[in-house]
Amino acid sequence: MPSQPATVPPDDLSRELTVARPDSDQSLPHIGLVGDTYTILVTGEDTAGKYTLIDMHVPAGGGPPPHRHDFEEMFTVLDGEVQVTFRGQTLVARAGETINVPANAPHAFTNAGDASARLLCMCAPSGQEEFFTLVGQPVAARTEAPPTLDADAQAAFIVKSKALAPEYKTELLPPPGPE
């Protein structure tokens, strides 16, 4: 690894161990977004900006619309399955499987099953958790569904998301059209 220092740097004693318990730690933020609930397990503040880790509860039919961003994103499916669209191709990722989405690649995923899916999402470097916190709605628990947005709230969400996305190196893409 040529870009790495020749020796391991000393331990940074200013950094502490992070432990996340998403089912019992009420201090973790649970963010309702696009019908899903995302629990921020590990923030960029915890990792000196290296990555963020998010627990995603995705109900049947849930998942984000097409988008792309200038950072790596890795998903491990813990429960259920999701249909992933990557550069126009579709595959199904099931419990126990991991996929990595390269930076800048267009992608989306949908829970096409009948039961909720649970994914761990790691973004490197961090920052995505800040975007989610700014555009989403706080909810009380990891599996709580966010409130349904009326037409005005949905329109405001879209405007806010589009305005903030470039700041977080994200581009929201139009849904695929008929072929």
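Given the structure is predicted, the values throughout are model-derived calculations rather than measurements. (Residues numbered from 1 in each chain as written. Predicted model: local features only at pLDDT ≥ 70, side-chain atom pairs only at ≥ 80, totals over all residues. Heavy atoms only, no water.)

Asker: Describe the layout of surface pockets, with residues and values.
Answerer: Computed from the structure, the largest pocket encloses a volume of approximately 740 Å³. Val34, Pro64, Pro65, Phe157 and Ser161 are the residues nearest the centre of the largest pocket, which is lined by 36 residues in total. Ranked by residues supplied to the lining of the largest pocket, first place goes to helix H2 (residues 151-164) with 5 residues. (1 Å grid on protein atoms, 1.4 Å probe; cavity = no way out; pocket = protein on both sides within 12 Å on 5 of 7 lines; lining within 4 Å. Points joined across faces, edges and corners; volume = space filled by probe spheres on them. Helix = DSSP H or I, 4+ residues; strand = E, 2+ residues; numbered from the N terminus.)

Asker: Residue-level account of empty space enclosed by the protein, with values.
Answerer: Inspection of every chain in the model, using the stated rule, returns 1 cavity of 30 Å³ or more. By volume, the largest cavity amounts to about 40 Å³. Around the largest cavity, the lining residues are Phe75, Val82, Val84, Ile99, Val101, His107, Ala108, Phe109 and Leu119. When contributions to the lining of the largest cavity are tallied by element, the ones reaching two or more residues are strand S6 (81-86), strand S8 (98-101) and strand S9 (107-110). The dominant element in the lining of the largest cavity, judged by the number of residues it contributes, is S9, at 3 residues. A breakdown of the residues in the lining of the largest cavity according to their chemical character gives 8 nonpolar, 1 polar and no charged. (Nonpolar A, V, L, I, M, F, W, Y, C, P; charged D, E, K, R; others polar.)

Asker: Before we move on, can you summarise unusual backbone geometry with the specific residues and values?
Answerer: In this structure, Pro125 follows Ala124 across a cis peptide bond, with omega equal to 0 degrees. In this structure, Pro125 sits in the loop between strand S10 (117-124) and helix H1 (128-135). Residues other than glycine seldom take positive phi values, yet Val34 does so here, at roughly 50 degrees. Classification of Val34 as partly exposed rests on a relative accessible area of 35%. (Buried < 20%, exposed > 50% of the residue type's maximum accessible area, 1.4 Å probe, protein only.)

Asker: Report on the sheet that holds strand S1 (residues 30-33), specifying residues and quantitative values.
Answerer: Sheet strands pair by backbone hydrogen bonding; their relative direction is either parallel or antiparallel. Here 7 strands make up an open sheet; going across it, the order is S8-S5-S10-S3-S2-S1-S11 and the pairing antiparallel. Each edge of the open sheet carries a strand with a single partner, namely S8 and strand S11 (137-139). Neighbour to neighbour, the strand axes of the sheet diverge by 30 degrees on average, direction disregarded. Across 3 bridges, the pairing between S1 and S11 is antiparallel. By the bridge assignment, Ile31 is partnered in S11 with Pro138. Against the sheet, H1 engages S1, strand S2 (36-42), strand S3 (52-58), S10 and S11, with an angle of about 70 degrees to S1. (Pairing = 2+ DSSP bridges. Axes fitted to C-alpha atoms, helices over the stretch in contact; angles between N-to-C directions. Contact = heavy atoms within 4.5 Å.)

Asker: Tell me what's going on with the packing of H1 against H2, and back it up with residues and numbers.
Answerer: Any two packed helices are characterised by how steeply their axes cross, that is the angle between the axes, and by the distance between the axes. Between H1 and H2, the shortest axis-to-axis distance is 10 Å and the interhelical angle comes to 150 degrees. Relative to H2, the element H1 is oriented roughly antiparallel. When you trace H1 past H2, the crossing you get is right-handed. Contacts between H1 and H2 pair Phe131, Leu134 and Val135 from the former with Phe157, Lys160, Ser161 and Leu164 from the latter. A per-class count over the contact of H1 with H2 returns 5 nonpolar, 1 polar and 1 charged. (Parallel < 35°, antiparallel > 145°, perpendicular 65-115°, else oblique. Left-handed = near helix turned anticlockwise from the far one by under 90°.)

That's the geometry; what it means functionally is another story.
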